[in-house]
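A closer look at the structure
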Amino acid sequence: MKKFALTGIVALTIISCTTTSSNNHNNSQNKTVPENISDEQLLNKVQKDALKYFWDYAEPNSMLGRERYHEDNIYPDNDKHVITTGGSGFGLATILVGVERGFVPRKEAVKRLTTMMDFLAKADRHKGAWSHWINGETGKTVPFGKKDNGGDLVETAFLTSGILMVREYFKNGNAEEKALAKKCDELWKGIQWNWYTKGGEKVLYWHWSPEYQWEMNFPLQGYNECLITYILAASSPTYSIDAETYYKGWTRNGTYLSDKEKYGLPMYVKHNGAEEYGGPLFWTQYSYIGLDPTNLSDKLIKNYFDLNKNQVLIDYKYCVENPKGWKGYGPNYWGLTAGYSRNKDGGVGYDAHFPQNDHGVITPTAALSSFPYTPKESMDFLKFIYTQKPEFIGSAGPYDATSIHYNNWTTPRYLAIDQGTIAPMIENYRTGFLWKLFMNAPEIQQGLKKLSFKSEKYNIK
């Protein structure tokens, strides 16, 4: 499902996929874990569970991440075979975590990742970019909307971040691993980032369609989840953008800065359509699967980690304050982001939850993928949901949407873009594993320097 950059409150009516709801869904294989389970054991468990989405339930031909996986096997739009580009990128990172931690065999992972890269090489591309959705059986573009039937640069960026991490992880390995890394390198170098400036404008555009050209007309301007798109575009060795495009486009000539605070915490930037509390929490996660915000700065932002940490803490403090009086909200049950949602009639829809668009639905990935920023608060949530709410846990970890307020409502369904950030961001909290892979890639180092980013941690000056 698309995670729209919010340009206004009107944008919050995200595409809905109304289906039946599920209350107190019980999966026989999931028991409440013991309350005395150690933090390390619990972190391992949730990472293993989230990995299943991309390992056990991958689309069987491409082996990439399905857009959605439904335990109830009900697919109202007959889209079981549709894969998602961005979510597959998070899946690549998740599989790397699985290999590094010994959850999946390295040799088997290399074989599977090679199948994925071969599929992506043959799939439809639009000036090098992939579409948001792809038919996992044929490689053909699946339109996300009538005019959204071409390249999706943001989804491509999320995928490319994962591709680069796979390349870096295996580039010095055995013959099969080096061959995989080479395939990754070729895919990365084929993306025409600068095409998406619409003829040289100093801004990137989200979509281009061979049929509808630029009619979607969605410039990527901050602040939202799209920062990684500019980082990759500036880092490309083949189709690069210049620094002016970043500062004029993404930062809106520097006008995206904010001096506002919430709960005494500086916002630093104007969140598109969500300036009071900040946007959905995926904005602190999607660009930062590989991009390490720790003491990372550019000409305008002194520390991206502080920016992200404050957004998560504001969301947390809002949920603890609970101005709407939702049952269950508190220090152990918090986190608003985009994902499946509960419609007013009790059916399942989709929405971008954040404090100004709060419907009593907590999305587990919000707190779980915030571990680098709020380790205590995220651990409190993790312990609570696994030890006290087994009905919220399914075969691939916590279900996508939950609500204590509505009689422990949930839906036995998952989305790749939500499940895919859990294992990577937890691993970045635990070891910084993926951050190190991405930030040490030679092109990324050069691209960040081009944009005047600085990071002592990675010797970027």
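Residues numbered from 1 in each chain as written. Predicted model: local features only at pLDDT ≥ 70, side-chain atom pairs only at ≥ 80, totals over all residues. Heavy atoms only, no water.

Attention shifts here to the UniProt feature "domain: Glycoamylase-like" (unreviewed entry) in the protein. Sites flagged by UniProt as "domain: Glycoamylase-like" (unreviewed entry) map to residues 217-441. Taken end to end, residues 217-441 is 33% helix and 11% strand, and its two terminal C-alpha atoms sit 32 Å from one another. (UniProt positions renumbered as here; feature names shortened; annotations may be inferred. Helix = DSSP H or I, 4+ residues; strand = E, 2+ residues; numbered from the N terminus.)

This paragraph deals with empty space enclosed by the protein. Under the definition given, this model contains two cavities of 30 Å³ or more. Considering the residues around the second largest cavity, the lining is formed by Phe-54, Met-63, Leu-64, Gly-65, Ser-88, Gly-91, Leu-92, Ile-95 and Met-116. No other element matches helix α2 (residues 85-100), which puts four residues into the lining of the second largest cavity. (1 Å grid on protein atoms, 1.4 Å probe; cavity = no way out; pocket = protein on both sides within 12 Å on 5 of 7 lines; lining within 4 Å. Points joined across faces, edges and corners; volume = space filled by probe spheres on them.)

Another aspect to go through is the packing of α2 against helix α4 (residues 153-170). For the pair α2 and α4, interaxial distance at closest approach is 6 Å and the crossing angle is 25 degrees. By the angle class used here, α2 and α4 are roughly parallel. The interaxial crossing formed by α2 with α4 has left-handed handedness. Counted together, Thr-85, Gly-86, Gly-87, Ser-88, Gly-89, Phe-90, Leu-92, Ala-93, Leu-96, Val-99 and Glu-100 of α2 and Glu-155, Thr-156, Phe-158, Leu-159, Gly-162, Ile-163, Met-165, Val-166, Tyr-169 and Phe-170 of α4 form the full contact between these two elements. Split by residue class, the contact of α2 with α4 holds twelve nonpolar, seven polar and two charged. (Axes fitted to C-alpha atoms, helices over the stretch in contact; angles between N-to-C directions. Parallel < 35°, antiparallel > 145°, perpendicular 65-115°, else oblique. Left-handed = near helix turned anticlockwise from the far one by under 90°. Contact = heavy atoms within 4.5 Å. Nonpolar A, V, L, I, M, F, W, Y, C, P; charged D, E, K, R; others polar.)

A word on the packing of aromatic side chains. Here the structure, examined in full by the defined rule, presents 37 aromatic pairs. Note on Tyr-169 and Phe-433: the rings are 5.5 Å apart at their centroids and 85 degrees apart in plane angle, and the pair reads as edge-to-face. In this pair, Tyr-169 is assigned in helix α4 and Phe-433 in helix α13 (residues 433-439), connecting sequence segments 264 residues apart. Residue classification places Tyr-169 among the buried positions, given a relative accessible area of 15%. When the centroid spacing of 5.8 Å and the interplanar angle of 55 degrees are considered together, the rings of Tyr-246 and Phe-453 count as tilted. Taken together, the residues span a long stretch of sequence, with Tyr-246 in helix α7 (residues 243-250) and Phe-453 in the segment after α14 (442-450) at a distance of 207 residues. There is no split in this pair, since Tyr-246 and Phe-453 are both buried. (Phe/Tyr/Trp six-rings, centres within 6.5 Å; stacked < 30°, edge-to-face > 60°. Buried < 20%, exposed > 50% of the residue type's maximum accessible area, 1.4 Å probe, protein only.)

The strand order across the open sheet built from three strands is β3-β4-β5, with neighbouring strands paired in antiparallel fashion. What marks the edges here is a single partner per strand, and that holds for β3 (82-84) and β5 (141-142). Two elements, β3 and strand β4 (residues 133-135), share three bridges in a ladder whose sense is antiparallel. What sits directly across from Ile-83, in β4, is Ile-134. Of the strands in this sheet, β3 and β4 are in contact with α2, which crosses β3 at around 65 degrees. (Pairing = 2+ DSSP bridges.)

What follows deals with α2. Its 16 residues give α2 an end-to-end C-alpha distance of 23 Å, which sits within 8% of 22 Å, the value for a rise of 1.5 Å per residue. With 15 of 16 residues buried, α2 lies mostly within the body of the structure. In the segment just after α2, Gly-102 is the residue with positive phi, at about 80 degrees. (Expected span 1.5 Å × (residues − 1).)

Okay, the side chain of Arg-66 next. Relative to the helices and strands, Arg-66 resides in the loop between α1 (39-55) and β2 (68-70). Glu-59 provides the closest opposite charge to the buried, salt-bridge-free Arg-66, at an N-O distance of 6.2 Å. Separated by 2.7 Å, the side chain of Arg-66 and the backbone oxygen of Tyr-57 make a polar contact. (Lys, Arg positive; Asp, Glu negative; His and termini not counted. Salt bridge = Lys/Arg side-chain N within 4 Å of Asp/Glu carboxyl O. Polar contact = N/O pair within 3.5 Å; in protein donor to acceptor, adjacent residues only side chain to side chain.)

If you look at the biggest cluster of nonpolar residues, it comprises 139 residues, and the most contacted ones within it are Leu-291 and Tyr-304. Here the element with the most residues in this core is α4; it accounts for eleven residues. With residues up to four places along the chain from it excluded, the contact list for Tyr-304 reads Leu-227, Tyr-246, Tyr-256, Tyr-288, Pro-293, Leu-296, Ser-297, Asp-298 and Phe-453. In terms of nonpolar packing, the next biggest core, distinct from the first, is built from nine residues, Tyr-57, Tyr-69, Tyr-75 and Ala-416 among them. (Core = buried A, V, L, I, M, F, W, Y, C linked by side-chain atoms within 4.5 Å.)

With 93% of its residues at a pLDDT of at least 70, the protein reaches an overall mean of 94. Residue range residues 2-21 is modelled with pLDDT below 50. Its contacts to residues more than four positions away, or to other chains, number 72 contacts. Low confidence marks residues 24-30, where pLDDT is under 50. Its contacts with residues over four positions away, or in another chain, come to 16 contacts. (pLDDT = per-residue confidence, 0-100.)

This paragraph deals with the pairing of strand β10 (residues 338-342). The buried fraction of β10 amounts to four of the five residues, a majority that puts the element mostly inside the structure. Between β10 and strand β11 (residues 348-352), which pair antiparallel one after the other, the connecting turn spans five residues, and Gly-346 there sits at a positive phi close to 90 degrees.

The next point concerns the pairing of β11. A large share of β11 lies buried, amounting to five of its five residues. Bridge analysis of β10 against β11 gives five bridges, and the strand direction is antiparallel. Within β11, the position partnered with Ser-341 by the bridge is Gly-349.

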